[in-house]
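Chain by chain, the residues run as shown.
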Amino acid sequence: MKKFFVKVKDWFVAHKPTKRRLIQLYAALLTNANLKGFFTGKIYTGDTKQMCVPGLNCYSCPGAVGACPLGALQDSLAQSKKSAPAYILGILLMFGLLLGRLICGFLCPFGLIQELLYKIRTPKLRKNRFTRVLSYFKYVLLVILIAVPLIYAGIPSFCKYVCPAGTLEGAVSLLANIQNSDFYSMLGYLFTWKFCLAVAIVVASVFIYRFFCRFICPLGAIYSLFNKISLLGVKLDKDKCIDCGLCVQGCKMDIKHVGDHECIQCGECISVCPVQAITWKGSKIFLKNTTPVDQPVVESGEKIALLELAKSNASVTVVGAQPDEVSEEGAEGAQSANIAAESELAATDGQQAAESQEAQEEAIEPVAEGADGAKKGGRLQAVKAAFKRPRFVVEFVAWVVAIAVLIGAWIGYGVRKDGGVPLVYGVGDKCPEFILQTYKSDNDSESFSTYNLSKVTVINYWYTTCDPCKAELPDFEKVFEEYDGAIDMFVVHSWSALPDGGTQGVQDFLDTETDKNGKPWNSYKLTFAQDTQELDTYAQLGGKYAYPMTVIVNADRVITFAKQGPCSEALLRENIEKALN
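The structure presented is a predicted model; accordingly, all values stated were derived computationally and were not measured. (Residues numbered from 1 in each chain as written. Predicted model: local features only at pLDDT ≥ 70, side-chain atom pairs only at ≥ 80, totals over all residues. Heavy atoms only, no water.)

Student: Mind laying out the overall build of the protein chain, listing which residues take part and the relevant values?
Tutor: Scanning the protein chain from N- to C-terminus turns up 24 helices and 9 strands. A fraction of 74% describes how many contacts in the protein chain between residues 6 or more apart in sequence connect residues 24 or more apart. About 30600 Å² of surface is accessible on the protein chain, with carbon and sulfur atoms providing 62% of the total. (Helix = DSSP H or I, 4+ residues; strand = E, 2+ residues; numbered from the N terminus. Contact = heavy atoms within 4.5 Å. Areas by Shrake-Rupley, 256 points an atom, 1.4 Å probe, with all protein chains shown as cover.)

This is the structure in structure tokens:
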């Protein structure tokens, strides 16, 4: 039995996650701290959703507590018209200047998903000249991402047609919940396309390291522009560098040199560098300088055995070069370097061992209670000595604070109400009482109230960038005009989809845009109103974050019809007649 536990312990020691992997996992859990959303099948819509997280994480993920910077950028561009969307551009600028693509290497949840997929044991496609050229495709997508919303207002092209994070984290997570079973009736060709694309990206990520990050992600393309000037990340000391190429050969990304625009700042090249020319920016503040071991002179263009050079500097597992890629001179040089390094490391280890033994002899006081007492006292002194090391203390305190923040976030999002949403009302219930402000149009009403409904009322929920919403409104206008005052019809804009300019952005849309038939929105007889976060009337009437939604209330203020998703003209007429009778 003892051997079994020893084997289990050895396995965990051999497979324990690196610090970077722990940080990635922590960032993913903190970014999706609304754990109860995965059980309730609802999206969190509280105050923190107005802020952007650094990495690619879909707004519609049930656990997401912040907005995706790519989605926010597209929405703000679509609504900005001629003015610059200062808020989101400022957020991206701040993230870029502080972290650059360190966000990709440490903080992006979708990057973590890809790395875990790549761990599946299959034949791998190594980087080559073709992948290097293909890595520039994400910059083409970035241009399209910026251009399309500006030219064709209201179309968040990347989120709508490409983003696999939105499909996997948002759509699939919501559809997997049995409480959202009514969503299946709203699926169409667009979801089929995005789902197939997401599956293709997932499969490709098994064989190609970070497939989406390297070739597709526009957010990584944005952050890459800041890599050289970001405050945090890796840096290369050119005076120490011997141009061995070990860092480039060992890196799975399509870099040409350390810290270039394709570098995700993961720091794995630091332990591989034989002369310690690669360090963290600002590392001198936290880490002690170490003296690099002597290495042979390497001629320009000469390739070196990765494994041998890595062993000469530290006990690091590195993928070796192919035998035909290593020159005989390089192998001899590496072998001589190993001998010199081993002797020097042996001397250093001996000196350190002696110093350590002397320190322990001075630190450990004689214990009268025997060998067990001495051993216990020695362990206590060792722990005390560890806490005296500045680096250990900084790391220990940092992780304690981080874990406390994560647990606090889980508890906070678990007990709070989603934006204070009140009870949900359905067919057969009395319509809740609320008052909403309206937008200016041909209808001069200044507010929409359900307190004194005197006729059949149709309430339609929409937002300006929702294509199905805009497509059905001409039919609603037609039906409303045909009933000639016998009914009321209100079109309520979602509070969670307000553009960067706030409600004024919706008013600008109504004043300047036209429907699919070329009719100006501001000439509609329908009354356009604005939902609020405090009331969230959409959620009160049973909305589950799928637009459009149509609700019909009769003259007695009883809800007689409620449907999420597009409502045809025939279905609308049929249920208006039922409410009238």
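Student: If you had to explain the packing of aromatic side chains to someone new, which residues and values would you point to?
Tutor: Within this structure, the stated rule accounts for 22 aromatic pairs. Within the aromatic cluster, the residues linked to one another by ring pairs are W462, F509, W521, Y524 and F528. Over the face of the ring belonging to Y209 we find K252, whose NZ or CZ atom lies 5.3 Å from the ring centre. The cationic tip of K519 hangs over the ring face of Y524; the distance from NZ or CZ to the ring centre is 4.9 Å. (Phe/Tyr/Trp six-rings, centres within 6.5 Å; stacked < 30°, edge-to-face > 60°. Lys NZ or Arg CZ within 6 Å of the ring centre and 35° of its normal.)

Student: Give a detailed account of the state of the cysteines, specifying residues and quantitative values.
Tutor: With the rule as written, the count across this model stands at 1 disulfide. One disulfide in the model links C466 with C469; its S-S distance is 2.3 Å. As the torsion about the S-S bond is roughly 75°, the C466-C469 disulfide counts as right-handed. For the pair formed by C466 and C469, the shared burial category is buried. Lacking any disulfide linkage, C213 is separated from the closest cysteine sulfur, that of C108, by 5.7 Å. (Disulfide = S-S within 2.5 Å. Buried < 20%, exposed > 50% of the residue type's maximum accessible area, 1.4 Å probe, protein only.)

Student: Talk me through the pairing of strand 7 (residues 527-530); I want residue IDs and the actual numbers.
Tutor: Here strand 7 shows two buried faces, one formed by T527 and A529 and the other by F528 and Q530. As defined by bridge partners, strand 6 (residues 487-493) adjoins strand 7 across 4 bridges and the pair is classed as parallel. Note that in strand 7 the partner of H493 across the bridge is Q530. (Pairing = 2+ DSSP bridges.)

Student: Describe the sheet that holds strand 8 (residues 549-553), listing the residues and the values that go with them.
Tutor: As summarised here, the arrangement of the 5 strands in space is 7-6-5-8-9, forming an open sheet in which the pairing is mixed. At either margin of the open sheet sits one strand with a lone partner, and together these are strand 7 and strand 9 (559-564). Taken over all neighbouring pairs, the strand axes of this sheet differ in orientation by 20° on average, direction set aside. Of the strands in this sheet, strand 5 (456-462), strand 6, strand 7 and strand 8 are in contact with helix 21 (residues 467-483), which crosses strand 5 at around 165°. Contacts from helix 24 (residues 569-580) reach strand 5, strand 6, strand 8 and strand 9 within the one sheet, and its direction differs from that of strand 8 by about 20°. (Axes fitted to C-alpha atoms, helices over the stretch in contact; angles between N-to-C directions.)

Student: So what's going on with the nonpolar core? Which residues, and what values?
Tutor: Burial of nonpolar side chains together is a common tendency in soluble globular proteins. In terms of nonpolar packing, the biggest core is built from 44 residues, with Y461, F528 and L572 touching the most fellow members. Mapped by element, the contributors of at least two residues to this core are strand 5, helix 21, strand 6, helix 22 (503-512), strand 7, strand 8, strand 9 and helix 24. Take this core: its biggest share by element is 6 residues, from helix 21. Residues in contact with Y461, not counting those within four places in the same chain, are F434, C469, V492, D531, T537, Y538, L541, Y547, P548 and M549. I103, Y139, I201 and A204 belong to the second-largest nonpolar core, a separate cluster that totals 37 residues. (Core = buried A, V, L, I, M, F, W, Y, C linked by side-chain atoms within 4.5 Å.)

Student: Break down unusual backbone geometry for me, citing the residues and quoting the values.
Tutor: Excluding glycine, a negative phi dihedral is what most residues carry, and trans is how most peptide bonds are arranged. A positive phi angle, close to 60°, is found at Q265, a residue other than glycine. Within the element layout of this structure, Q265 appears in the loop between helix 15 (246-250) and strand 2 (278-280). Under the relative-accessibility criterion, Q265 is labelled buried at 0%. Phi at Q276 takes a positive value of approximately 55°, unusual for a residue other than glycine. Tracing the sequence through the fold places Q276 in the loop between helix 15 and strand 2. On the basis of relative accessibility, which here comes to 22%, the residue Q276 falls in the partly exposed class.

Student: So what about the pattern of salt bridges? Which residues, and what values?
Tutor: Enumeration over the complete set of coordinates arrives at 17 salt bridges. The salt bridge partner of K519 is E481, with a shortest N-O separation of 3.9 Å. Remark: E481 occurs in helix 21 and K519 occurs in the loop between helix 22 and strand 7; sequence separation between them is 38 residues. Given the relative accessible area of 27%, K519 is considered partly exposed. For E481, a relative accessible area of 41% puts it in the partly exposed group. (Salt bridge = Lys/Arg side-chain N within 4 Å of Asp/Glu carboxyl O.)

Student: So what about the side chain of T457? Which residues, and what values?
Tutor: In this structure, T457 sits in strand 5. On the accessibility criterion, T457 (1% relative accessible area) is buried. Within polar-contact distance, the side chain of T457 engages the backbone oxygen of K455 at 3.1 Å. Non-local contacts of T457, meaning those with residues more than four positions away in its chain, are made with D488, F490, V551, I552 and V553. (Polar contact = N/O pair within 3.5 Å; in protein donor to acceptor, adjacent residues only side chain to side chain.)

Student: Tell me about the pairing of strand 5, and name the residues and values.
Tutor: If a strand is regular, its side chains alternate between the two faces of the sheet. In terms of residue burial, strand 5 counts as a mostly covered element, since 7 of its 7 residues are buried. Alternating positions in strand 5 separate into two faces, V456, V458, N460 and W462 on one and T457, I459 and Y461 on the other, with burial throughout. The sheet contact formed by strand 5 and strand 6 spans 7 bridges and is parallel. Bridging from a neighbouring strand, N460 pairs with V491 of strand 6. Running through helix 21, the crossover from strand 5 to the neighbouring parallel element strand 6 is right-handed. Both strand 5 and strand 8 contribute to a ladder of 5 bridges, which runs antiparallel. Bridge pairing in strand 8 places V458 opposite I552. (Right-handed = clockwise from strand over helix to strand, strands pointing away.)

Student: Hey, could you go over the environment of Y209 for me, with residue numbers and the actual values?
Tutor: Note that Y209 resides in the loop between helix 12 (189-207) and helix 13 (211-215). Separated by 85 residues in sequence, Y209 and K124 place their C-alpha atoms 8.2 Å apart. Every residue in contact with Y209, bar those within four places of it in the chain, is listed here: R20, E115, Y118, R214, K252, M253 and I264. Within polar-contact distance, the side chain of Y209 engages the side chain of E115 at 3.2 Å.

Student: Residue-level account of the packing of helix 7 (residues 109-118) against helix 12, with values.
Tutor: Following both chains from N to C, one finds helix 7 and helix 12 inclined at 55°, their axes separated by 7 Å at the closest point. Of the possible angle classes, the one that applies to helix 7 and helix 12 is oblique. Here helix 7 and helix 12 pass one another in a crossing that is right-handed. Here Q114, L117 and Y118 of helix 7 come into contact with helix 12, specifically with V202, S205, V206 and F207. Broken down by class, the residue content of the contact of helix 7 with helix 12 amounts to 5 nonpolar, 2 polar and no charged. (Parallel < 35°, antiparallel > 145°, perpendicular 65-115°, else oblique. Left-handed = near helix turned anticlockwise from the far one by under 90°. Nonpolar A, V, L, I, M, F, W, Y, C, P; charged D, E, K, R; others polar.)

Student: Could you give an account of helix 1 (residues 2-14), naming the residues involved and the relevant values?
Tutor: Given a rise of 1.5 Å per residue, 13 residues ought to cover 18 Å, and the 18 Å separating the end C-alpha atoms of helix 1 matches this to within 8%. Of all 13 residues in helix 1, 0 are buried, a share of ten percent or less. (Expected span 1.5 Å × (residues − 1).)

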